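What follows is each chain in one-letter form.
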Amino acid sequence: MKRTPLRPGPTSTRFTRALGVATILGLGWLAVFGLLISPDDVLQGSYARLLYVHVPSAWLAYLAFGVTGLASAAYLWPRTRSLQWDRIAGASAEVGVLFMAITLVSGSLWGKVTWGTYWTWDSRLTTTAFLFVTYIGYLAVRDLGGSHDQRARRSGVLALLALLEVPLVHFSVKWWRPLHQSETIERGGLKGLMLFSFFVGMVTFTLLYVWLVMHRQRLIALNDIVDDRGLDRALAERRNEVES
Amino acid sequence: MLSVWAISRLVAGKDLRVEWRSRVVSNQVVPFAALMMVMFAFALDSDTVLKRVAPGLVWLAAMFSLLVIVQRAFAVETADGALDALRVAGVRSAGIFLGKALALAAQLAVLELILLGAAIVLYNTHIVGSGIALLVCTYLTATVGLSFVGTLYGGLAAGAKGRETLLPLLMLPVAAPVLIGATRATEAALGTAGATTSDGWPWIGLLALFAVAFGVGGTLAFGSLIDE
Amino acid sequence: MEPVVELVDVVAVLGAFPALAGATLTVARSEIVLLRGPNGAGKTSLLRLCAGLLAVERGTATVLGVDLVRDRTAVRPRVGLLGHSNGLYADLTVADNVRFWGATVGASTDEVQAAMGRMGLTDRLADVSVSKLSAGQRRRTALACLIARRAELWLLDEPHAGLDAAGRDELDTTLRAAAAAGATVIVASHELERAGSLATRVVQVVGGQVR
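The structure displayed is predicted, hence computed values, not measured ones.

**Q** I'd love a proper account of the overall build of chain A, names of residues and values included.
**A** A tally of helices and strands in chain A yields six helices and zero strands. Traced from its N-terminal end to its C-terminal end, chain A shows the element sequence α-α-α-α-α-α. The buried share of chain A, taken over its 244 residues, is 34%. When contacts within chain A are restricted to residue pairs at least 6 apart in sequence, long-range pairs at least 24 apart make up 82% of them.

**Q** Now, about the interface of chain C and chain B: what can you tell me, with residues and values included?
**A** Note on interface size: it is often stated as the accessible area lost on association of the parts. The partner chain B presents 20 residues to the 24 residues of chain C that form the contact. The set of elements that each furnish at least two residues to the side of chain C that touches chain B consists of β6 (79-82) and α2 (94-103) of chain C. Ranked by residues supplied to the side of chain C that touches chain B, first place goes to α2(C) with four residues. Partitioned by chemical class, the residues of the side of chain C that touches chain B number twelve nonpolar, eight polar and four charged.

**Q** I'd love a proper account of unusual backbone geometry, names of residues and values included.
**A** One non-glycine residue, R23(B), lies in positive phi territory at about 55 degrees. As for its placement among the helices and strands, R23(B) is situated in the loop between α1 (4-22) and α2 (24-44). For R23(B), a count of 12 C-beta atoms within 10 Å translates into the label exposed. Positioned with a positive phi, L64(C) is a non-glycine residue whose angle comes to about 50 degrees. Here L64(C) is to be found in the loop between β4 (58-63) and β5 (66-67).

**Q** A description of the interface of chain B and chain A should follow, citing residues and the corresponding values.
**A** Residue-level contacts link 21 residues of chain B with 20 residues of chain A. Ranked by residues supplied to the side of chain B that touches chain A, first place goes to helix α7 (residues 166-190) of chain B with ten residues.

**Q** Explain the packing of α2(C) against helix α5 (residues 135-148) of chain C residue by residue, including any values.
**A** Residues and elements named next belong to chain C. Two numbers describe how α2 lies on α5: the axes approach to 8 Å, and their chain directions differ by 30 degrees. Taken as axis vectors, α2 and α5 run roughly parallel relative to one another. Of the two elements, α2 crosses α5, and the hand of that crossing is right-handed. Counting all contacts with α2, which are made through V94, N97, V98, W101 and G102, the residues of α5 involved are T141, A144, C145 and A148. Of the residues in the contact of α2 with α5, the class split is six nonpolar, three polar and no charged.

**Q** Outline the sheet that holds strand β3 (residues 32-36) of chain C, supporting the account with residue identities and numerical values.
**A** Taken in spatial order, the six strands make up an open sheet running β6-β7-β8-β3-β9-β10 (chain C), and their pairing is mixed. Of all the strands in the sheet, just β6 and β10 (209-210) of chain C have a single pairing partner and so form its edges.

**Q** Account for the confidence of the model for chain C, naming residues and giving values.
**A** Across chain C, the average pLDDT comes to 86, with 98% of residues at or above 70. Both scores are given for the predicted complex: the pTM is 0.82, the ipTM 0.79.

**Q** Can you lay out the sheet that holds β4(C) for me, pointing to particular residues and giving the numbers?
**A** Residues and elements named next belong to chain C. One open sheet holds the four strands; their spatial order is β2-β1-β4-β5, and the pairing between them is antiparallel. Edge positions in the open sheet fall to β2 (17-27) and β5, since each of these has one partner strand only. Of the strand pairs in this sheet, β4 and β5 are connected by two bridges, and their pairing is antiparallel. From the neighbouring strand, T62 faces β5, where its bridge partner is D67.

**Q** Please give an account of the packing of helix α4 (residues 123-142) of chain A against helix α5 (residues 148-176) of chain A that cites residues and values.
**A** Residue and element names in this part refer to chain A. Where α4 meets α5, the axes come as close as 9 Å, and the angle between the chain directions of the two elements is 165 degrees. Relative to α5, α4 is oriented roughly antiparallel. When the axes of α4 and α5 are compared, the crossing they make is right-handed. Across the interface between the two elements, S123, T126, T127, F130, L131, T134, Y138, V141 and R142 from α4 touch R151, R154, S155, L158, A159, A162, V166, V169, H170, V173 and K174 from α5. Residues of the contact of α4 with α5, tallied by class, amount to ten nonpolar, six polar and four charged.

**Q** Can you explain the environment of S30(C)? Please cite residues and give values.
**A** All names here are of chain C. Topologically, S30 is positioned in the loop between β2 and β3. A residue is classified by how many C-beta atoms lie within 10 Å of it, and S30, with 16 of them, is partly exposed. Leave out the neighbours within four places in its chain, and S30 touches A179, G182 and T184.

**Q** Describe the pairing of strand β8 (residues 184-188) of chain C, naming the residues involved and giving the relevant values.
**A** Residue and element names in this part refer to chain C. A large share of β8 lies buried, amounting to five of its five residues. Covered by surrounding structure in β8 are T184, I186 and A188 together with V185 and V187, the residues of both alternating faces. Sheet topology note: the β3/β8 ladder contains four bridges and is parallel. Bridge pairing in β8 links L34 to V187. As judged from the five bridges shared by strand β7 (residues 153-157) and β8, these two strands associate in the parallel manner. Within β8, the residue paired with L155 across the bridge is I186.

**Q** Give me the lowdown on the environment of H215(A), citing residues and values where you can.
**A** Along the chain, H215(A) turns up in helix α6 (residues 192-243). In this structure, the C-alpha to C-alpha distance between H215(A) and S57(A), residues 158 residues apart in sequence, is 19 Å.

**Q** Give me the lowdown on helix α1 (residues 14-37) of chain A, citing residues and values where you can.
**A** The end-to-end C-alpha distance of α1(A) is 33 Å, a good match for the 34 Å that 24 residues give at a rise of 1.5 Å each. T23(A), L30(A) and G34(A) are the residues of α1(A) that are buried.

**Q** With reference to specific residues and values, describe the pairing of β3(C).
**A** Residue and element names in this part refer to chain C. A large share of β3 lies buried, amounting to five of its five residues. On β3, burial covers both faces: I32, L34 and R36 on one face and V33 and L35 on the other are all buried. Strand direction decides the pairing type here: β3 and strand β9 (residues 201-206), joined by four bridges, are parallel. In the strand pairing of β9, R36 is matched with Q204.

Calculation rules
- Residues numbered from 1 in each chain as written.
- Chains lettered and ligands numbered in written order.
- Predicted model: local features only at pLDDT ≥ 70, side-chain atom pairs only at ≥ 80, totals over all residues.
- Helix = DSSP H or I, 4+ residues; strand = E, 2+ residues; numbered from the N terminus.
- Buried ≥ 20, exposed ≤ 12 C-beta atoms within 10 Å, placed from the backbone.
- Contact = placed C-beta atoms within 7 Å.
- Nonpolar A, V, L, I, M, F, W, Y, C, P; charged D, E, K, R; others polar.
- Axes fitted to C-alpha atoms, helices over the stretch in contact; angles between N-to-C directions.
- Parallel < 35°, antiparallel > 145°, perpendicular 65-115°, else oblique.
- Left-handed = near helix turned anticlockwise from the far one by under 90°.
- Pairing = 2+ DSSP bridges.
- pLDDT = per-residue confidence, 0-100.
- Expected span 1.5 Å × (residues − 1).

Dropping the structure here:
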């Protein structure tokens, strides 16, 4: 496999800086609106504000895992094989795990307040928890060492198996506990300013995801360069010690 | 070159012969499983509760025993570099996967029967005639599915340092649907808590799907997971 | 005739360490090549690379006509590697092991018997569990497995270790017979006496390179 030449440098470019600014503005708006301006919900009072964080986080987490799966497939498919896909898969999984944790925690808090329990065994929640644990395992496997190709192959296979798992887990839990509380806030119930801010939240979080993944995968690329350079240095050292 | 099927038969035969000679599963893992059933009784401390949850305990004990059996199955390979040698021999990895899964399934099946026996003795479980077909199907599909998953992730976790501890983390979440499905179907077969056999058959569908998905997935993926 | 092994400037890594730092080696059919060198020089890595177990990081490598850079798994069925471990199943008997490894290439019962015979694993030893054998007997069993697998290239890592004088002579005779029958043998060893009696050629491996 060809070694893609990588130019080391700062991980930010004009594009990511613009992206970063847009994201900060979006998050600022979300904070101001979510905490101050938006009205209390009729049923849930102030706690509904948690949803401004919870729902976008969940969306982001699933997006991240979808991207990891696709990128893994792209690496494993011989015609499109490139370590770039592996780096994207790894970066996306890390961001995904982070937002999965935020989703689970915010959802748990919201559940405690509205339904009275931190946890309920409905299929969506349990599948989410399952994915969380699976991707922690995925990240552990990425750290096992070996060449970059081995890392990519092993974790790529794991990611695809996890994707295969998701419907199985979803349906088994759904059949197991068929009676579960449905969402009490439907999209249709949000109007005007609330709906607009909700939308802003989704877009902002997506921008945040892209920004994080771009930076993280560039960092991975830099680490890989360090590994390769390290090899060159180690080679030179080894040859020198023989000469002397 | 030998066909994948011939290789699987060869590898399965070898694995079972190793177990026959060393008796590790029969002398160490089976007592461990039986011990677990006893410990559950200590922890749960109520005959009615135990009878109610017996199906779940049987499958829990089966899954934890699976972890141990899988570790053993791959320790046999890595002890004297045999897995390396299998790779050097160019033996097709799909064959290794299916062979080891087959041997694992055989050992697991015997273990599960013993666990069911323990439940009958310790938890006062009764087998209902009308539920026997469902019970047998549950056992078959769940065992096959667990064997595929165990072999796949066992292969990944085998060999290099620090990987043995990864096996439970990787395998248990993935095997969760089998735990859910097998337990529910067993409850239906035994008539526990008012479940009837008709409740159980949809779960067999799920278990069968799981087995097929991981059979195919494992056959394709095993090679890349064990290769260095 | 086409060389059996052709390595040009090969770099191979173990983690971050360059086990092979630009190794060049050519071996022709029926040669017995002795790799000499201190511990850590890269002899084992060189053997494992030729067996298709270690990936080629840089350089070109062709073994038995197979390009190791493109597909190193293809060379594996035709190669026999005997490393520090023997690749045996300790709980099985000698006969079980040789039969198993022979079966991976479809060897007949006669071939398996012949292989055991050539290594002096008589009826008495054949049914002994490997865990009860001495180091030398295990080594012989591993070689019998190699023969049963009809390996064309024999890669042996310190095969004489743990053998007494008689055992070593027996091993040498076996290797010479194998080479005469058309196999190619590469032996890694840091024992000086072997140089004259066994090998057709001696190469030095130092610092991941070949002299």
